Amino acid sequence: MVSVRTRPAALNLTPAAEQRIADLMAKAPEGTVGVKLSTPRRGCSGLAYSVDYVTEAKAFDEKIETPGGTFYVDGSSILYLIGSTMDWVEDDFTAGFTFQNPNAKGSCGCGESFTV
């Protein structure tokens, strides 16, 4: 008998992050299929987190179904994000997604970018 191990999620979403995805999808432009996280090269430390609407899924994107809509993680960014937790945080002055990334070895002073 072969035992099959469940593959761990590439990225964990908090309930607040899932709610924010639902809010984004509720007002998404026509043709939007989901919200996507990627890690483009930019900033002081090299990589940044970017969340955007997408109109099509790419073959190697990780697909995460949430109660409010589909969330994608860019296939070329997965290795930088495995085991991370994405949250949505709001206070009186700011609002935004935050990331607890065990793969990040450092980040810039402003928190805009990270290095692995």
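Up top you'll find the structure we're talking about.
A quick note: this is a predicted structure, and the numbers were derived from the prediction, not measured. (Residues numbered from 1 in each chain as written. Predicted model: local features only at pLDDT ≥ 70, side-chain atom pairs only at ≥ 80, totals over all residues. Heavy atoms only, no water.)

### Considerations on the sheet that holds strand S7 (residues 84–90)
- Read across the sheet, 3 strands follow the order S1-S7-S8 without closing on themselves; strand pairing throughout is mixed. Two strands close off the open sheet at either side, each with one partner strand: strand S1 (11–13) and strand S8 (95–100). With strand direction ignored, the average angle separating the axes of adjacent strands in the sheet is 25°.
- In this structure, S1 lies alongside S7, joined through 3 bridges in parallel fashion. Residue pairing in the sheet places Leu11 in a bridge with Ser84 of S7.
- Helix H1 (residues 15–26) rests against S1, S7 and S8 of the sheet, and its axis sits at about 70° to S7. (Pairing = 2+ DSSP bridges. Helix = DSSP H or I, 4+ residues; strand = E, 2+ residues; numbered from the N terminus. Axes fitted to C-alpha atoms, helices over the stretch in contact; angles between N-to-C directions. Contact = heavy atoms within 4.5 Å.)

### Digging into the sheet that holds strand S6 (residues 69–73)
- Read across the sheet, 4 strands follow the order S4-S2-S6-S5 without closing on themselves; strand pairing throughout is mixed. One side of each edge strand has no neighbouring strand; the edge strands of this open sheet are strand S4 (50–54) and strand S5 (62–66). Between one strand axis and the next, the sheet turns through 25° on average, direction left out of account.
- Here H1 sits on the sheet in contact with strand S2 (34–38), S4, S5 and S6, set at roughly 125° to S2.

### Things to note about the pairing of S2
- Of all 5 residues in S2, 5 are buried; the element is thus mostly enclosed.
- Burial along S2 is two-sided: the face carrying Gly34, Lys36 and Ser38 and the face carrying Val35 and Leu37 are both buried.
- Relative to S4, S2 is paired through 5 bridges, and the arrangement is antiparallel. By the bridge assignment for S4, Gly34 is matched with Val54.
- In the sheet, S2 pairs with S6 via 3 bridges, with the strands oriented parallel. Along S6, the bridge assignment pairs Leu37 with Val73. (Buried < 20%, exposed > 50% of the residue type's maximum accessible area, 1.4 Å probe, protein only.)

### Describing the pattern of salt bridges
- Tallying each qualifying case throughout the model produces 4 salt bridges.
- We note a salt bridge from Asp61 to Lys36, for which the minimum N-O separation is 3.0 Å. Of this pair, Asp61 sits in the loop between S4 and S5 while Lys36 sits in strand S2, placing them 25 residues apart in sequence.
- By relative accessible area, Asp61 is classed as buried at 13%.
- Between Lys36 and Asp74 there is a salt bridge, with the nearest N and O atoms lying 3.6 Å from each other. Residue Lys36 is found in strand S2, and its partner Asp74 is found in the loop between S6 and helix H2 (78–81); the two are separated by 38 residues along the sequence. Taken as a pair, Lys36 and Asp74 share a single burial class, namely buried.
- Because the salt bridges share partners, they merge into one network encompassing Lys36, Asp61 and Asp74. (Salt bridge = Lys/Arg side-chain N within 4 Å of Asp/Glu carboxyl O.)

### Concerning the packing of aromatic side chains
- The full count for this structure, using the stated rule, is 2 aromatic pairs.
- The interplanar angle of 10° and the centroid separation of 3.9 Å between the aromatic rings of Tyr49 and Phe99 together place this pair among those described as stacked. Taken as a pair, Tyr49 in the loop between strand S3 (47–48) and S4 and Phe99 in strand S8 lie far apart in primary sequence, 50 residues in all.
- Exposure remark for Tyr49: the relative accessible area of 21% places this residue in the partly exposed category.
- Each ring, one from Trp88 and one from Phe97, has its centre 4.9 Å from the other, and the planes form 70°; the classification is edge-to-face.
- Its end group placed over the ring of Trp88, Arg20 keeps NZ or CZ at 4.4 Å from the ring centre. (Phe/Tyr/Trp six-rings, centres within 6.5 Å; stacked < 30°, edge-to-face > 60°. Lys NZ or Arg CZ within 6 Å of the ring centre and 35° of its normal.)

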